[in-house]
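Single-letter residue listing:
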Amino acid sequence: MAVFGRALMKKEFMLDSSKTFLNQGSYGNAPRRVIECRTGYIRMMEESPDDYFRWKNEDFWLSMVQTVAEFIGSDPQNVVFVQNTTTGINAVIRSLNFEKGDGILINSWTYGNVKNICAYAADTRHVDLYYVDIPFPLKSVDQILTAYEEKLSKHQNIKLAIVDYISSMPPALMPVKEMIALCRKYDTLVLIDGAHTPGQLPLHLDQLGADFYAGALILCTVNSP
């Protein structure tokens, strides 16, 4: 019989039992067995740095890439490790060849740090920044799709749309496939902010149709940073 609640927490996690931890979405926390595995790699590295970095590190790294690729449904050649989701989104935006007058499309629910990255791109690279205002409470996903279509049809200089898979605040599962299809209709690249998706929903990134996806394993897959 599956064990949940405090019994599971005490057995599997190192959380302080006198406190109730609710902020998994910001930091995540790893099970004891994952921490022990991570510590084993660190010990191996410290015991013989030359051996580790010259002969073992690359094989370990490629093995982890393969494992993650299988978990998210992607070719290993398309998977790159970054520090966190924000870093991945920043890397994509800084790598794209924006021209003066190109546009980036975000929305009112876009994560704060992602808004900051886009604002910086607008200031330093002369990119036009557009917002889709998503109402709250939301009555229908059609409200989102209609608002995106209006913005994309009106501003056809939009080169990149950043779309949440599961938004942060407020939390909501977005109509990602429909939004990707809509962006394709207007020749707009799609970057998925998928920080909260791995571990909550099955992922098949190679079938999703987005151009870029940035996500995190520490939040909902009880992995280790």
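Analysis parameters
- Within every chain, residues take consecutive numbers counted from 1 along the sequence as written.
- The model is predicted, so local features are restricted to residues of pLDDT at least 70 and side-chain atom pairs to those at 80 or more, both for listing and for counting; the totals for chains, interfaces and linings are taken over all residues.
- Remark: hydrogens and water are excluded; side-chain values derive from all non-hydrogen atoms of the structure.
- A 1.4 Å probe rolled over the protein chains alone gives each residue an accessible area, and that area as a share of the maximum for its type sets the label: buried under 20%, exposed over 50%, partly exposed in between.
- Secondary structure elements are taken from DSSP: a helix is a run of H or I of four residues or more, a strand is a run of E of two residues or more, and numbering for both begins at the N terminus.
- Between any two strands, at least two bridges found by DSSP are needed for them to pair.
- With the strands aimed away from the viewer, a crossover counts as right-handed if its path from the first strand over the helix to the second runs clockwise.
- We define a nonpolar core as any set of buried Ala, Val, Leu, Ile, Met, Phe, Trp, Tyr and Cys residues linked to one another through side-chain atoms lying within 4.5 Å.
- Note on contacts: a residue pair qualifies if any of its non-hydrogen atoms lie within 4.5 Å across the two residues.
- What makes a salt bridge here is a side-chain nitrogen of Lys or Arg within 4 Å of a carboxyl oxygen of Asp or Glu, nothing more.

Engineer: Explain the pairing of strand β3 (residues 158–164) here, please?
Structural biologist: Consecutive side chains of a regular strand alternate in pointing toward one face of the sheet and then the other. The element β3 is extensively covered by neighbouring structure, given that six of its seven residues are classed as buried. In this structure, strand β1 (residues 103–107) lies alongside β3, joined through three bridges in parallel fashion. Across the sheet, Gly103 pairs through a bridge with Ile158, a residue of β3. Alignment of β3 against strand β4 (residues 189–194), held across five bridges, turns out to be parallel. For Ala161, the partnering residue across the bridge sits in β4 and is Val190. Considered for its hand, the β-α-β crossover made up of β3, helix α7 (residues 176–185) and β4 is right-handed.

Engineer: Quick question: what am I supposed to make of the nonpolar core here?
Structural biologist: Considering soluble globular proteins, one finds that nonpolar side chains tend to be buried as a cluster. Formed by 32 residues in total, the largest nonpolar core has its most connected members in Leu105 and Ile192. Mapped onto this core, the elements with two or more residues apiece are α3 (49–72), β2 (128–132), α6 (141–154), β3, α7, β4 and α8 (205–208). Leave out the neighbours within four places in its chain, and Leu105 touches Tyr130, Tyr131, Val132, Tyr148, Lys151, Leu152, Ile158, Leu160, Ala161 and Ile162. Core analysis: the next-biggest nonpolar cluster, separate from the first, contains 16 residues, Ile104, Ile106, Val114 and Leu160 among them.

Engineer: Looking at this structure, I do not really get unusual backbone geometry. What am I missing?
Structural biologist: What is expected of a backbone is that most residues other than glycine have negative phi and most peptide bonds are trans. With an omega dihedral of 0°, the bond running from Phe136 to Pro137 counts as a cis peptide bond. You can see Pro137 is positioned in the loop between β2 and α6. A cis geometry characterises the amide bond from Met169 onward to Pro170, with omega recorded as -5°. Here Pro170 shows up in the loop between β3 and α7. Positive phi is not limited to glycine here, since His126 has a value of about 60°. Secondary-structure assignment places His126 in the loop between α5 (112–125) and β2. The phi torsion at Asp187 lies on the positive side, around 55°, for a residue other than glycine.

Engineer: Explain the pattern of salt bridges here, please?
Structural biologist: Between side chains of opposite charge, a pair can form as their charged atoms come close. A full pass over the atoms with the stated rule returns five salt bridges. Salt-bridge contacts for Arg33 lead to Glu12; the nearest nitrogen and oxygen are separated by 2.5 Å. Linking Arg33 in helix α2 (residues 32–47) with Glu12 in helix α1 (residues 5–12), this pair joins segments that are 21 residues apart in sequence. For Arg54, the salt bridge goes to Asp50, with nearest N and O atoms at 3.3 Å. Of the two residues, Arg54 and Asp50 are both situated in helix α3; the distance of four residues between them amounts to about one turn of the helix. Both residues of the pair, Arg54 and Asp50, count as exposed.

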